[in-house]
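Summary of structural features
These are the residues of each chain, in order.
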Amino acid sequence: MPGGRRNPIQMSQIVGAVHNAVNRAKEEAKDAATAFAEGHHLDRHFVDLTIQFIGASGLPKMDVVGTADPYFVAKLDDQLSFVSTVKPNTLSPVWNELWKIKNVPSTATLTVEVLDKDNGTITDDHIGKFSTSITAGAKECAIESPSIRRNRGTFWLKIESTPSTDPKAERRQYVFDGPVRYSRHFSPTVGRLTNLNDARLYSTWKIYIKGVRMFFGDTVQHWNRNYKAAQSIFQGPTSIAVRSTIQAGHRLLYARSTTNGFGIINGPEDVFRLLLHGSIGGTDGLPLGAVTPASPAPYANRVKPAVYTYIIAVEDDSFRFSETGAAFFVDFASKHALHANCAPAVRYSGEFHPRPEGGWENFSDDVPDEGVRWELVIDNNSGTYSPDPMMLPDLKELLQYNFPGFTVHALDRNDPRLAQSREACRAYALQKRGVKQEELQPHARAGEETLSHTAQVQGGAGVEAEKAPDGAAKGTTVGEPVEEPAIKPMDNARKQFSDGRDYLDAI
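For clarity, every value in this text was computed on a predicted model and none was experimentally measured.

A few words on the overall build of the chain. A tally of helices and strands in the chain yields eleven helices and 20 strands. Counting every position in the chain, which comprises 507 residues, the buried fraction comes to 53%. Residue pairs in contact within the chain that sit at least 24 positions apart in sequence constitute 75% of those at least 6 positions apart. Accessible area for the chain stands at about 23200 Å²; split by element, carbon and sulfur atoms hold 50% of it.

Dropping the structure here:
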């Protein structure tokens, strides 16, 4: 009112609007400068970055009970994103996570937003954000809230920068370069089972592979307009309802949870040891309520002869897959669409299966897995996206680039060698490993609630998928603590963290 005190909420809104306007002006100026450089053929310099996200301190308390569950989303020019792990119940999180990116313009800006994870809600609480250049060195950044413009803590990171050696850097910018991380998820229905013989039939995996743009460029595989199931998903008056159910199922399936398994893949042995075995130690990270058999299956720790459905996503270049016979596929119009969250295009898709050198038909369980040279047979068998077979060599090179020494066979879905190898894999599972015929295809036991039914009932409400938050960049990597950092580790950071400044002293 005139002469009175201005409403603090209105002031906050005004300050926030001014802050947003300033940011927009900065972005427009940056875009104009880039356009000028390109139009006048000025040389652009590119660098390869290794960013170590160390930690933060002095974060505000966000929860009524407890403190906060902070995580952060880092972006490079809205072209590439990195989502960190959630650190529960702390105001001084230590992440120590690495992010490597090739062919980054030297003028790029790194923006980091810190959020508080709220389980069971669609959105998370905003703590604050900051922006910085990508110049090399240790950085101590003040976290600010755009609405009230006051300090919300301090964030520490370190950047290493080297000139790019890629002669095609201009054409393939912002290339994710590791570390290669994976996450394992479980269908929410698994927790309602009273006896679980094979958790793998309720599991899905996501691997963040590097260098996708180096091998695929901007090429994507659009949905197949000649495939009836794809038509029901992507066109026609009923497609909206079909997509809604599949997308809700995807969010449920890829929900972030404390039971998710995480890790770093350093070589082909890790793929089979961590991802393709029947179990990964203990109860395999099963959700509470899922009861495993009293005694493990005799082949619980052997490489399982199984066929997997996969896609490589456009949004984050992740390699997502699960067993083709996974129970959660029941009643969904497309397995590949479920993994892709109904994306109209993917980088690539199909099926794959592991096999011992020489094929399953020549294998014996008398030979231990450690004494076998394992191979991966991958194809383009996807009706929903019908990938171009001419890109199979690129797919093979991509996987070999991520897993050096890994023997990969990329075969067209119509190749008779593929059919022979796939059927030999399934025959071994049926005859030697006690797999039942119905387990080779999506199935549900009597009285079992399916993921499709859960998705239709809940509509995905209140479930947050493991993806970048709203506004995240189109290439998003989910991070994990680095076990063997490529740059000097921050072993003393946790002990010295209350001081804060010791972070920089330890670098």
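Read on for the rest.
A separate point is helix 8 (residues 416–432). Taking 1.5 Å as the rise per residue, helix 8 with 17 residues should run 24 Å; its terminal C-alpha atoms sit 24 Å apart, in good agreement. Of the positions making up helix 8, those classed as buried are Leu418, Ser421, Arg422, Ala424, Cys425, Arg426, Tyr428 and Ala429. Each element contacted by the buried residues of helix 8 is listed here: strand 17 (348–356), strand 18 (374–379) and strand 19 (407–411). At the C-terminal side of helix 8, Gly434 shows a positive phi close to 75°.

This part is about the pairing of strand 10 (residues 181–186). For a regular strand, side chains alternate in direction, first toward one face of the sheet and then toward the other. With six of six residues buried, strand 10 is to be regarded as a mostly interior element. Sheet analysis places strand 10 next to strand 11 (residues 203–208), joined by six bridges and oriented antiparallel. Counterpart to His185 in the pairing with strand 11 is Thr204. With four bridges connecting them, strand 10 and strand 13 (residues 261–264) associate as antiparallel partners. Bridging across to strand 13, Ser183 finds its partner in Phe262.

By the element assignment, Ile134 lies in the loop between strand 6 (125–133) and strand 7 (137–144). Those residues in contact with Ile134 that sit more than four places away from it in its chain are Val47, Leu49, Leu76, Val104, Pro105, Ser106, Ala108, Leu110, Ile159 and Ser161.

Our focus in this paragraph is the sheet that holds strand 11. Taking strand neighbours across the sheet as the criterion, the eight strands line up as 13-10-11-15-14-17-18-19 in an open arrangement whose pairing is mixed. Across the chains shown, the open sheet's two edge strands, defined by having one partner strand only, are strand 13 and strand 19. On average, adjacent strands in this sheet sit at an angle of 25° to one another, irrespective of strand direction. Running over the sheet, helix 8 touches strand 17, strand 18 and strand 19 and is turned about 60° from strand 17.

In the structure shown here, the tally under the stated rule is 26 aromatic pairs. Seen in terms of ring centroids, Phe72 and Trp95 are 4.8 Å apart; in terms of plane orientation they differ by 85°. Their pairing is edge-to-face. One end of the pair, Phe72, is in strand 2 (residues 70–76); the other, Trp95, is in strand 4 (residues 94–105), and 23 residues separate them in sequence. Residues Phe72 and Trp95 agree in their burial class; the two are buried.

What follows deals with the nonpolar core. Within the largest apolar cluster, 37 residues are counted, with the highest numbers of intra-cluster contacts made by Phe216, Tyr310, Ile312 and Phe319. Considering each element in turn, this core owes the most residues, four residues, to helix 7 (residues 392–402). Counting 30 residues, the second largest nonpolar core, distinct from the first, contains Val47, Leu59, Leu80 and Ile134.

Here we come to the confidence of the model for the chain. The pLDDT averaged across the chain works out to 78; a share of 68% of its residues lies at or above 70. Every residue in residues 480–507 scores below 50 in pLDDT, and together they form 60 contacts with partners more than four places removed in sequence or on other chains.

Pairing of side chains with opposite charge becomes possible as their charged atoms draw close. In total, this model carries 15 salt bridges according to the counting rule given. For the salt bridge of Arg302 with Asp369, the shortest nitrogen-to-oxygen distance reads 2.9 Å. You can see Arg302 sitting in the loop between helix 5 (268–276) and strand 14 (308–312) and its partner Asp369 sitting in the loop between strand 17 and strand 18, a full 67 residues away along the chain. Residues Arg302 and Asp369 agree in their burial class; the two are buried. A salt bridge links Asp365 to Arg433; the shortest N-O distance between them is 2.8 Å. Here Arg433 lies in the loop between helix 8 and helix 9 (451–458) and Asp365 lies in the loop between strand 17 and strand 18, a separation of 68 residues in the sequence. Residue Arg433 is classed as buried on the basis of its relative accessible area of 12%. Several salt bridges converge on common partners, so that one network encompasses Arg302, Asp365, Asp369 and Arg433.

Bringing the pairing of strand 1 (residues 46–57) into the picture now. Among the twelve residues in strand 1, twelve count as buried, and that is most of the element. Here strand 1 runs beside strand 4; their pairing, made up of eight bridges, is antiparallel. Directly across from Leu49, in strand 4, lies its bridge partner Ile101. Bridging between strand 1 and strand 8 (residues 151–163) involves ten bridges; their strand directions are antiparallel. Bridge pairing links Asp48 to Thr162 in strand 8.

In this section: the side chain of Glu323. Looking at the element boundaries, Glu323 is found in strand 15 (residues 318–323). A distance of 3.0 Å separates polar atoms of two side chains, one belonging to Glu323 and the other to Lys304.

Right, let's talk about the environment of Ser84 for a bit. With respect to the helices and strands, the residue Ser84 is situated in the loop between strand 3 (80–83) and strand 4. From its side chain, Ser84 meets the backbone nitrogen of Phe72 in a polar contact 2.9 Å long. Polar contacts involving the side chain of Ser84 include one to the side chain of Trp95, which spans 3.4 Å.

With 15 residues, helix 4 (residues 239–253) ought to run about 21 Å at 1.5 Å a step, and its terminal C-alpha atoms sit 21 Å apart, in line with that. Turning to helix 4, its buried residues are Ser239, Thr245, Ile246, Ala248, Gly249, His250, Leu252 and Leu253.

What follows concerns unusual backbone geometry. Of note, the amide linkage connecting Gly178 to Pro179 takes the cis form, showing an omega dihedral of -5°. With phi around 55°, Asp77 is a residue other than glycine that occupies positive phi space. Relative accessible area serves as the criterion here: at 22%, Asp77 is assigned to the partly exposed category.

Reading the values: the criteria
Residues numbered from 1 in each chain as written. Predicted model: local features only at pLDDT ≥ 70, side-chain atom pairs only at ≥ 80, totals over all residues. Heavy atoms only, no water. Helix = DSSP H or I, 4+ residues; strand = E, 2+ residues; numbered from the N terminus. Buried < 20%, exposed > 50% of the residue type's maximum accessible area, 1.4 Å probe, protein only. Contact = heavy atoms within 4.5 Å. Areas by Shrake-Rupley, 256 points an atom, 1.4 Å probe, with all protein chains shown as cover. Expected span 1.5 Å × (residues − 1). Pairing = 2+ DSSP bridges. Axes fitted to C-alpha atoms, helices over the stretch in contact; angles between N-to-C directions. Phe/Tyr/Trp six-rings, centres within 6.5 Å; stacked < 30°, edge-to-face > 60°. Core = buried A, V, L, I, M, F, W, Y, C linked by side-chain atoms within 4.5 Å. pLDDT = per-residue confidence, 0-100. Salt bridge = Lys/Arg side-chain N within 4 Å of Asp/Glu carboxyl O. Polar contact = N/O pair within 3.5 Å; in protein donor to acceptor, adjacent residues only side chain to side chain.

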